[in-house]
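# Observations on the three-dimensional arrangement
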Amino acid sequence: MTIWVNEQIDPSGMIHACIATCNESQAKDCHDSFQNNLTETQKAAGWVAQLRTVNSWDEVPVNSLKLN
């Protein structure tokens, strides 16, 4: 099973927002939203929106919103 994990990460590596889903289309829409919601100031400071895949719910950060 592929699980898509969207994360918005600050320059220190702290995750500020995380949404996980098995739906690829939903994940890509969420990633676009995370990316678009970062301000130019945040981007310049090193904030990133990251989309990655994992194979198990055990690999998803505990604080994430999990969508099925």
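Please refer to the structure higher up on the page.
Heads up: these notes are all about the structure in this document. This is a predicted model, so every value here is computed, not measured.

### Looking at the side chain of His31
By the secondary structure assignment, His31 is in helix H1 (residues 24-37). Setting aside residues no more than four positions away along its own chain, His31 makes contact with Asn6, Ala49, Gln50 and Leu51.

### Some details on the pairing of strand E1 (residues 3-9)
Within E1, seven of the seven residues are buried, which leaves the element mostly enclosed by the surrounding structure. Residues of E1 alternate between two faces, with Ile3, Val5, Glu7 and Ile9 on one and Trp4, Asn6 and Gln8 on the opposite face, all of them buried. Here seven bridges tie E1 to strand E3 (residues 48-54), and the two strands are oriented antiparallel to one another. Bridging across to E3, Gln8 finds its partner in Ala49.

### Structural notes on H1
A rise of 1.5 Å per residue sets the reference length of H1, with its 14 residues, at 20 Å; its end C-alpha atoms lie 20 Å apart and thus fit the reference within 8%. All of the buried residues along H1 are Ala27, Cys30, His31 and Phe34. Viewed along the axis of H1, the buried residues span an arc of 105 degrees, placing them on a single side of the element. In this structure, H1 carries Asp29 and Asn36 as exposed residues pointing more than 90 degrees from its buried face. On the buried face of H1, the contacting elements are E1, strand E2 (15-21) and E3.

### Let's talk about the pattern of salt bridges
By the definition in use, this model includes three salt bridges. Between Arg52 and Glu7 there is a salt bridge, with its nearest N and O atoms 3.1 Å apart. With Arg52 in strand E3 and Glu7 in strand E1, this residue pair connects regions lying 45 residues apart in the sequence. Taking the relative accessible area as the measure of exposure, Arg52 reaches 27% and is therefore partly exposed. In this structure Glu7 comes out as buried when scored by relative accessible area, which is 2%. Among the ionic pairs, Glu24 bridges to Lys28, the shortest N-O distance being 2.8 Å. Within this pair, Glu24 and its partner Lys28 are both found in helix H1, separated by four residues, close to a single helical turn.

Conventions we followed
Residues numbered from 1 in each chain as written. Predicted model: local features only at pLDDT ≥ 70, side-chain atom pairs only at ≥ 80, totals over all residues. Heavy atoms only, no water. Helix = DSSP H or I, 4+ residues; strand = E, 2+ residues; numbered from the N terminus. Contact = heavy atoms within 4.5 Å. Buried < 20%, exposed > 50% of the residue type's maximum accessible area, 1.4 Å probe, protein only. Pairing = 2+ DSSP bridges. Expected span 1.5 Å × (residues − 1). Arc of directions from axis to C-beta. Salt bridge = Lys/Arg side-chain N within 4 Å of Asp/Glu carboxyl O.

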